[in-house]
Amino acid sequence: MAPKTRFAPSPTGLIHIGNARTAILNYLYALKAGGTFLLRMDDTDQERSKPEFADAIERDLAWLGIKWDQLERQSDRITRYQEMADKLKAEGRLYPCYETADELDRKRKRQLARGLPPIYDRKALSLSKDEVAKFEADGRTPHWRFRLANTAGENSLEPVSTHITWDDLIRGDQTVDVGSLSDPVLIRGDGTFLYTLTSVIDDWDFGVTHIIRGDDHITNTGVQVQVFEALGAPVPAFGHHSLLTAADGKALSKRLGSLALENVREQGLEAMAVVSHAALIGTSDAIEPHKNMDGLADLFEVSKISTAPGRFSEEELKGLNAKLLHKLDYADVAERLAGFGIQDAEAFWNVVRGNLEILGDIKQWWEVVDGSIVPNISDAAFLKAAAEVLPDAPFDDTTWKTWTNAVKEATGAKGKALFHPLRLALTGQGSGPEMKQLLALIGREKALKRLQGETA
Ligand code: GLU
């Protein structure tokens, strides 16, 4: 069966490079295996979820080159969640609890003070009919907890050790002892559903076979395996990747502005530099830029992902971006260059690409060969002498050598003293692409004017 993976962001903020990494790993998994990829908006938190964040997430993923085969929103599926919740209630796996947040807090404090783990005591399971009636009469609406199968039977609170195990795609054998966890709340007092339930129902209904997500979800997986089983659903395969940390070792948070994909895009970085970085960081492969998803998919093996935290470095991303630009062909960028007004410029691209850090840097070089610049005149007399021996048009790759030999003969200058003032005058800058190729593109007319100090 072809695998199906998914990325399930909560649209409560912009996604950053760490979230994008989860999306990319799932996408590459499906791409490599000829499977499908689902984008699911986990938007049941009505207060914090915003349509504009969902739109931004779609825009960011599309920019990265991720193509989803299906898009679902949890907010469209409430009836289905209700149906499944009713089934779990009927079977006694979901039970009503009336404690207020305050009461629970006090309970936890008492347990801690007595040196006990702060696990929910399942008091609600032993409420009498009268007690329930009193809570209801007081206007309390229950929240609903999922009864973890960690006791000897339905009416027993006698604990049995229940270790949930799975063969993690990334981490190998994993065990979560659900005996050490509180029964999780799956329905809030206001009737809204929690992700732990809705995610499982969706993964089942949409046929998700492989779930790759951050290792902050490991405990959650132990719980969700039990929810799958309680619903009679097949349990998918899980892989938990380590989380990316910022250069200072701290977790990347959604609020980390500069690493939001939107900002990365605005800085002019290439999507495939971001994708290559995110896909290869923390793997056994070298972090090299790839031109497209297919190249990365060929390389992708879930087992290559390390369990140690990956450290994200903005500097490294920028370096990778430059490296990617340096190996792109004209055809890869022609359309975007046309957007800058740069057309029919294959020779130009081949000359300047090696000097670009971001694509936008190219505009200044286009001015040098096709627009006009203010020359940087360091020694007018020297440049005058150089202008006098400037070869006839047309210029080609040999002109620079012929000319600089002639200038050397005429002035006696050599090395840096010979080449540097010429570069400054002709390009306005102290460094850049090879002059031999640049001069051929600048041509005689502009070169002559610039040597004479004119803006040209
Ligand atoms: N909405 C969840 C999150 O953003 C999804 C986790 C998962 O992949 O299951 O953490």
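Residues numbered from 1 in each chain as written. Predicted model: local features only at pLDDT ≥ 70, side-chain atom pairs only at ≥ 80, totals over all residues. Heavy atoms only, no water.

Turning our attention to the site of the ligand. Lining the immediate surroundings of the ligand are Arg6, Ala8, Ser10, Asp42, Tyr195, Arg213 and His217. Contact between the ligand and Arg6: an oxygen atom at 2.5 Å from a side-chain N or O atom of the residue. Note that an oxygen atom of the ligand is positioned 3.1 Å from one of the side-chain N or O atoms of His217. For the ligand, whose free accessible area comes to 300 Å², the fraction covered by protein is 78%. (Near = heavy atom within 4 Å. Polar contact = N/O pair within 3.5 Å; in protein donor to acceptor, adjacent residues only side chain to side chain. Areas by Shrake-Rupley, 256 points an atom, 1.4 Å probe, with all protein chains shown as cover.)

As a further point, take the side chain of Asp203. The residue Asp203 is located in helix H6 (residues 195-205) in this model. By relative accessible area, Asp203 is classed as buried at 2%. When near neighbours in sequence (up to four residues on either side) are disregarded, Asp203 contacts Arg6, Arg40, Val208, Ile211 and Phe228. (Helix = DSSP H or I, 4+ residues; strand = E, 2+ residues; numbered from the N terminus. Buried < 20%, exposed > 50% of the residue type's maximum accessible area, 1.4 Å probe, protein only. Contact = heavy atoms within 4.5 Å.)

As a further point, take the pairing of strand S1 (residues 4-7). Judged by which residues are buried, S1 turns out to be covered on both faces: Lys4 and Arg6 on one side and Thr5 and Phe7 on the other are all buried. Where S1 and strand S2 (residues 36-41) come together, four bridges link them in parallel fashion. Paired with Thr5 across the two strands is Phe37, which belongs to S2. Read from S1 through helix H1 (residues 17-33) to S2, the crossover connection turns out right-handed. (Pairing = 2+ DSSP bridges. Right-handed = clockwise from strand over helix to strand, strands pointing away.)

Glancing now at the packing of aromatic side chains. Under the criterion given, the structure shown has eight aromatic pairs. When the centroid spacing of 5.6 Å and the interplanar angle of 80° are considered together, the rings of Tyr27 and Phe37 count as edge-to-face. Taken together, the positions of Tyr27 in helix H1 and Phe37 in strand S2 put the pair ten residues apart, joining distant regions of the chain. Side by side, Tyr27 and Phe37 carry an identical accessibility label, which is buried. Here Tyr81 and Phe193 contribute two aromatic rings whose centre-to-centre distance is 5.9 Å and whose plane-to-plane angle is 70°, an arrangement assigned as edge-to-face. Separated by 112 residues along the polypeptide, Tyr81 in helix H3 (residues 78-90) and Phe193 in the loop between strand S8 (185-187) and H6 bring together distant segments of the chain. (Phe/Tyr/Trp six-rings, centres within 6.5 Å; stacked < 30°, edge-to-face > 60°.)

The next thing to look at is the sheet that holds S2. Taken in spatial order, the three strands make up an open sheet running S1-S2-S3, and their pairing is parallel. Across the chains shown, the open sheet's two edge strands, defined by having one partner strand only, are S1 and strand S3 (70-73). Between one strand axis and the next, the sheet turns by 25° as a mean value, whatever way the strands run. Relative to S1, H1 is tilted by about 165°, and along the sheet it contacts S1 and S2. Strands S1 and S2 of the sheet are contacted by H6, whose axis makes an angle of about 150° with S2. (Axes fitted to C-alpha atoms, helices over the stretch in contact; angles between N-to-C directions.)

This part covers unusual backbone geometry. The phi angle of most residues is negative, glycine excepted, and most peptide bonds adopt the trans form. In this structure, the amide linkage connecting Ala393 to the following residue, Pro394, adopts the cis form with an omega of -5°. Considering the arrangement of structural elements, one finds Pro394 in the loop between helix H15 (380-388) and helix H16 (399-411). Not every positive phi belongs to a glycine, and Arg122 is a case in point at roughly 60°. Tracing the backbone through its elements, the reader meets Arg122 in the loop between helix H4 (101-113) and helix H5 (129-137). Of note in this structure, Asp344 is not a glycine but carries a positive phi near 45°. Within the secondary structure layout, Asp344 lies in the loop between helix H12 (330-339) and helix H13 (346-352).

This paragraph deals with the pairing of strand S5 (residues 143-146). Here S5 shows a buried face lined by His143 and Arg145 and a second buried face lined by Trp144 and Phe146. Relative to S5, strand S4 (residues 94-97) is paired through four bridges, and the arrangement is antiparallel. Considered in S5, the bridge of Leu94 is made with Phe146. Sheet topology note: the S5/S8 ladder contains two bridges and is antiparallel. For Trp144, the partnering residue across the bridge sits in S8 and is Ile187.

Here the focus is the environment of Arg77. Tracing the chain through its elements places Arg77 in the loop between S3 and H3. Considered as a pair, Arg77 and Thr44 are 33 residues apart in the sequence and their alpha carbons are 9.5 Å apart. Sequence-distant contacts of Arg77, defined by excluding residues within four places in its chain, comprise Glu72, Ile201, Asp202, Asp205 and Phe206. Engagement of the side chain of Arg77 in a polar contact is seen with the side chain of Asp202, the distance being 2.6 Å.

With that out of the way, let us pick up empty space enclosed by the protein. Counting across every chain of the model gives one cavity of 30 Å³ or more. Together, Leu28, Ala279, Leu280, Thr283, Asp285, Leu296, Leu299, Phe300, Glu301, Lys304 and Ile305 line the largest cavity. Listed by contribution, the elements that provide at least two residues to the lining of the largest cavity are helix H9 (271-280) and helix H10 (293-299). When its residues are assigned to classes, the lining of the largest cavity shows seven nonpolar, one polar and three charged. (1 Å grid on protein atoms, 1.4 Å probe; cavity = no way out; pocket = protein on both sides within 12 Å on 5 of 7 lines; lining within 4 Å. Points joined across faces, edges and corners; volume = space filled by probe spheres on them. Nonpolar A, V, L, I, M, F, W, Y, C, P; charged D, E, K, R; others polar.)

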